[in-house]
Amino acid sequence: MAIETPDSGDQTVQTSAAKTGWQQLYRTEDWWAVWIGGALLAICTIFVWQGVAAGEKGSSLLTAWLGKPGSWTSNPLDAFTVKGTSVLPGVCGAFLVCLVAFGLGASVMGKRLGSFAAGFCVVFLLGMLALVLAGQSVIKYYNLEYALWALLVGLLISNTIGTPSWLRSAACTEFYIKTGLVLLGAEIIFGRLLALGLPGVFVAWVVTPIVLVGTFWFGQRILRMASPTLNIVISADMSVCGVSAAIATAAACKAKRSELSLAIGLSLTFTVIMMVVMPMAIRALGMSNVLGGAWLGGTIDSTGAVAAAGAMLGEDALAVAATVKMIQNILIGAVAFGVAVYWVTRVERTAGGARPSVLEVWRRFPKFILGFVAASVVFSWLAASSADAERVVDAVLEHSTTTLRSWFFCLAFVSIGLETNFRELAAYMKGGKPLVLYVVGQTLNLCLTLLMAWLMFEKVFPHAADVLQK
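These numbers were taken from a predicted model, which means no experiment stands behind them.

**Observations concerning the overall build of the protein**
Now for step 1: Helices and strands together make up the secondary structure of the protein, namely 25 helices and two strands.
Now for step 2: Within the span of the protein, comprising 470 residues, buried residues form 54% of the whole.
Now for step 3: Carbon and sulfur atoms make up 67% of the accessible area of the protein, which amounts to about 19700 Å² in all.

**What about the pattern of salt bridges?**
Now for step 1: This structure, assessed with the given rule, holds five salt bridges.
Now for step 2: Ionic pairing is found between Lys178 and Asp30, a salt bridge with its closest N-O pair at 2.5 Å. Here Lys178, found in helix H9 (residues 173-186), pairs with Asp30, found in helix H2 (residues 29-53); they are 148 residues apart in sequence, far enough to count as distant.
Now for step 3: Residue Asp30 is classed as buried on the basis of its relative accessible area of 4%.
Now for step 4: Arg391 is paired through a salt bridge with Asp388; the nearest N and O atoms lie 2.9 Å apart. In this pair, Arg391 and Asp388 both sit in helix H22 (residues 387-419), three residues apart, roughly one turn of the helix.

**Notes on the packing of aromatic side chains**
What describes a pair of aromatic rings is the distance from one ring centre to the other and the angle between the planes of the rings.
Now for step 1: Taken as a whole and assessed by the stated rule, the structure comprises 15 aromatic pairs.
Now for step 2: Ring pairing ties together the aromatic residues Phe95, Phe102, Phe116, Phe120, Phe124, Phe175, Tyr176, Trp407 and Phe408, which thus form one cluster.

**Thoughts on a nonpolar patch on the surface**
Now for step 1: On the surface, Leu198, Phe202, Val206, Ile210, Leu451, Trp454, Leu455, Val460 and Phe461 cluster together to form a nonpolar patch covering roughly 740 Å² of accessible area.
Now for step 2: Among the structural elements, Leu451 can be located in helix H24 (residues 433-460).

**Regarding H24**
One turn of an α-helix holds 3.6 residues; hence residues three or four places apart share an orientation.
Now for step 1: Helix length check: H24, at 28 residues, gives a terminal C-alpha distance of 38 Å against a target of 40 Å (1.5 Å per residue), a fit within 8%.
Now for step 2: Among the residues making up H24, those that are buried are Pro434, Leu437, Tyr438, Gly441, Gln442, Asn445, Thr449, Met452, Ala453, Met456 and Phe457.
Now for step 3: Its buried side turned inward, H24 meets helix H11 (198-205), helix H12 (207-222), helix H13 (228-241), helix H15 (257-284), helix H16 (289-299) and helix H18 (315-329).

**Focus on H11**
Now for step 1: Among all positions of H11, only Pro199, Gly200, Val201, Val203 and Ala204 are buried.
Now for step 2: Buried residues in H11 make contact with H12, H16, H18, helix H19 (331-347) and H24.

**Focus on the confidence of the model for the protein**
Now for step 1: Here the protein averages 84 in pLDDT, while 88% of its residues score no lower than 70.
Now for step 2: Confidence drops under pLDDT 50 across residues 1-9; counting only partners more than four residues distant or on other chains, this segment forms 15 contacts.

**Brief notes about the side chain of Thr179**
Now for step 1: With respect to the secondary-structure elements, Thr179 resides in helix H9.
Now for step 2: Once you skip the residues sitting within four places of it in the chain, Thr179 turns out to touch Ala33, Ile36, Gly37, Phe102 and Phe408.

**Structural notes on the environment of Val290**
Now for step 1: Note that Val290 resides in helix H16.
Now for step 2: Among the residues examined, Val290 registers a relative accessible area of 15% and is labelled buried.
Now for step 3: Separated by 167 residues in sequence, Val290 and Phe457 have C-alpha atoms that sit 7.4 Å apart.

**Re the environment of Thr45**
Now for step 1: Mapped onto the fold, Thr45 is located in helix H2.
Now for step 2: Every residue in contact with Thr45, bar those within four places of it in the chain, is listed here: Phe379, Val392 and Val396.
Now for step 3: Engagement of the side chain of Thr45 in a polar contact is seen with the backbone oxygen of Leu41, the distance being 2.6 Å.

**Quick notes on the packing of helix H5 (residues 113-134) against H22**
Now for step 1: Packing of H5 against H22 brings their axes to within 9 Å, and their N-to-C directions diverge by 105°. With respect to H22, the axis of H5 lies roughly perpendicular. The residues of H22 that touch H5, namely those facing Phe120, Val123, Phe124, Leu126, Gly127, Met128, Ala130 and Leu131, are Trp407, Cys410, Leu411, Val414, Ser415 and Leu418.
Now for step 2: By residue class, the composition of the contact of H5 with H22 is twelve nonpolar, two polar and no charged.

**Description of unusual backbone geometry**
Now for step 1: Although it is not a glycine, Arg224 sits at a positive phi angle of roughly 55°.
Now for step 2: With respect to the helices and strands, Arg224 occurs in the loop between H12 and H13.
Now for step 3: Its identity is not glycine, yet Lys254 carries a phi of approximately 60°, on the positive side.
Now for step 4: Here Lys254 lies in the loop between helix H14 (243-253) and H15.

**Describing the packing of H15 against helix H17 (residues 303-313)**
Now for step 1: At a minimum axis distance of 9 Å, the contact between H15 and H17 shows a crossing angle of 25°. Viewed along their axes, H15 and H17 adopt a mutual orientation that is roughly parallel. The hand of the H15/H17 crossing is right-handed. Only Ala305, Ala309, Met312 and Leu313 of H17 make contact with H15, whose side of the interface consists of Thr271, Met275, Pro279, Ile282 and Arg283.
Now for step 2: Residues of the contact of H15 with H17, tallied by class, amount to seven nonpolar, one polar and one charged.

About the thresholds
- Residues numbered from 1 in each chain as written.
- Predicted model: local features only at pLDDT ≥ 70, side-chain atom pairs only at ≥ 80, totals over all residues.
- Heavy atoms only, no water.
- Helix = DSSP H or I, 4+ residues; strand = E, 2+ residues; numbered from the N terminus.
- Buried < 20%, exposed > 50% of the residue type's maximum accessible area, 1.4 Å probe, protein only.
- Areas by Shrake-Rupley, 256 points an atom, 1.4 Å probe, with all protein chains shown as cover.
- Salt bridge = Lys/Arg side-chain N within 4 Å of Asp/Glu carboxyl O.
- Phe/Tyr/Trp six-rings, centres within 6.5 Å; stacked < 30°, edge-to-face > 60°.
- Patch = residues over 30% accessible without salt bridge, like charges linked within 9 Å, V, L, I, M, F, W, Y side chains within 5 Å.
- Expected span 1.5 Å × (residues − 1).
- Contact = heavy atoms within 4.5 Å.
- pLDDT = per-residue confidence, 0-100.
- Polar contact = N/O pair within 3.5 Å; in protein donor to acceptor, adjacent residues only side chain to side chain.
- Axes fitted to C-alpha atoms, helices over the stretch in contact; angles between N-to-C directions.
- Parallel < 35°, antiparallel > 145°, perpendicular 65-115°, else oblique.
- Nonpolar A, V, L, I, M, F, W, Y, C, P; charged D, E, K, R; others polar.
- Left-handed = near helix turned anticlockwise from the far one by under 90°.

If you want it as structure tokens, here you go:
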């Protein structure tokens, strides 16, 4: 059966299928994300390990070299002074790290280094503007995170004056966010996450696949959406963990760039609404903070938004919400693999019914997921090996990877905005089916997650969260 999609000439999310053999290891974004993320993790770990042995000096120096704007009230320049110390050297350090790492990768992959560098300077400045806007005290109070402002800044340019070609060359959405996801893997420490036990696993790993498959089925069979790639990207975005899952899924099914932008736009819009409304609903319904935190962690798309919403309820809700969300984040790799297999064996199966080779599944699988998993395994092993190693892991995550990941994600959201034109999205929004799909899927997600969280944390394992509250 032929599958019709609007704007069939639209650019698809790049995968490693375009390169063959050993070229994949140095000519594709997926592998460069692994090399850059792995190199940064290794360098920071070695640096911090030496610093810890010398009395924490390494950690403090790393903080000085890698920074981002902080909070301010009336003067935006105050964002560059945190606790009486200027963060400008740290911001400049982050800029140099990003420019060297991504510039090297872009040049090897065939882009002109001079053109990329010029565009990257502007993208970085726009990202810094988004971080400064998000740090304003009133905006911060309402938890309007940098992702929203980064997207809006990019959209403002692309939908008014248009994004010039020299700037578009540095708007590498997938490159930035894939590298950030490799760093995110280091933050997923299995021992700490699984301390929550079976309740967290049931909420994150049982409900999520049901919602993902159910939403995709609803879009194809009930709504009859013309584009199955748009359908699965929205389903994964909404059910797993927002933008991160959308990027991985889009790469696995070769979704169009505009489809990815639409899915992310829907996700960010509902994330802002949910992280404000859900804490109020939890209080109004008289839920316990543990139950409310589990509900937040399993439904709100963004990890940052989950933490912000959980903090509104209290420290116990924050701990449970963040842990459930991080357990759910582990599914990124499994979902990407599952979508790659399904798309190769079912959606894109040849008319003659020939069975595709295993090699085709490997070509379709997003390789940066391997870096994500490897980082999680290595840092989980380090954290469990000794008390000193655990301190090193905590210092690396606190003083380097979290900051760099924020920059990478911010650059990605700016790039999404720069690459998105509302006129291109109009074809996909015809009839409002994507919006209906997201609302119905998220409603199912909210109901099933609340039911599972109630069963696990209130009835079966009422004291499961005590370990996180100590």
